[in-house]
Amino acid sequence: TAGPEKVRLTLVANTVIAGYLKNYAGFLVNNFPGLFYVEINMIKVLGAAAKRTWLVPELSALEPRLLEAFPVLEKGKICFITDGFPLCRMNGFEDHSIDTRLLISRDRPATDEKAHAETCRICTLKKLCPGPRKDYLALLGPAALVPSKKDPAPIIAKTRKLWLSAR
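Criteria and thresholds
Residues numbered from 1 in each chain as written. Predicted model: local features only at pLDDT ≥ 70, side-chain atom pairs only at ≥ 80, totals over all residues. Heavy atoms only, no water. Helix = DSSP H or I, 4+ residues; strand = E, 2+ residues; numbered from the N terminus. Buried < 20%, exposed > 50% of the residue type's maximum accessible area, 1.4 Å probe, protein only. Contact = heavy atoms within 4.5 Å. Salt bridge = Lys/Arg side-chain N within 4 Å of Asp/Glu carboxyl O. Core = buried A, V, L, I, M, F, W, Y, C linked by side-chain atoms within 4.5 Å.

**Student:** It is not clear to me how the environment of L125 should be interpreted in this structure. Could you clarify?
**Tutor:** Along the polypeptide, L125 turns up in the loop between helix 4 (98-106) and helix 5 (134-140). L125 gets classed as buried once you look at its relative accessible area, which sits at 1%. Along the backbone, L125 and L11 are 114 residues apart, and their C-alpha atoms lie at a distance of 25 Å. Apart from the residues lying within four places of it in its own chain, the contact partners of L125 are L87, E94, S148, K150, P152 and I155.

**Student:** Whenever I open this one, the pattern of salt bridges confuses me. Can you help?
**Tutor:** Opposite charge on two side chains permits them to pair, given that their charged atoms come into close proximity. Under the counting rule described, the total for this entry stands at eleven salt bridges. Here E63 makes a salt bridge to R89, at a shortest N to O gap of 2.3 Å. Residue E63 is located in helix 3 (residues 59-75), and its partner R89 is located in the loop between strand 3 (80-83) and helix 4; the two are separated by 26 residues in the primary sequence. Taken individually, E63 and R89 each receive the classification buried, so the pair is uniform in this respect. A salt bridge links D95 to K158, with the nearest nitrogen and oxygen atoms 3.6 Å apart. Here the residue D95 occupies a position in the loop between strand 3 and helix 4, and K158 occupies one in helix 6 (residues 152-164), the gap between them amounting to 63 residues. Within this structure, K44, E113, R133 and D135 form a network of salt bridges that share partners.

**Student:** Would you take a moment to explain the nonpolar core for this structure?
**Tutor:** Here is a general trend for soluble globular proteins: nonpolar side chains tend to be buried in one another's company. I40, L62 and F85 are the most contacted members of the largest nonpolar core, which totals 33 residues. For this core, the secondary-structure elements that each account for two or more residues are strand 1 (8-13), helix 1 (21-31), strand 2 (37-42), helix 3 and helix 5. No other element matches helix 3, which puts six residues into this core. Setting aside anything within four residues of it in sequence, one finds F85 in contact with A13, I40, N41, M42, L59, L62, L66 and M90. Residues L87, I104, L125 and C129 belong to the second largest nonpolar core, which totals seven residues.

Next up, the structure:
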């Protein structure tokens, strides 16, 4: 049987579970030591979710929940990656974005499902972030995007150190 070091869990962030992200992180830390990694993805506005758009959280409302859960995972030594959250909503955890890793290492994002909004034009992290999901923008627009003024160099260095060296 596969041990925890071979198990990857994927969580799709949505309005129903948003308030439980920190508890979920604590549950994983307490019950799955040695877990290979956790992937936290933004819900896609496809299939059943397209018919239940109330499941799609505003990024501005989801951000504080993510920023409560991420430190719990980090402190508990649970490796985690994210997909579908623009870097302007991942303050301090930008290096956990799958797109950031791929843009640095392969000069491409994970998928073509994301796009920059006009707001992203002045963001200093634009080259490290492909923007939010296109389906999110079509549904909720760019209001939740806040262009960053951060220097991308430390994020690049941290991403390279944590994910792209000797792993």
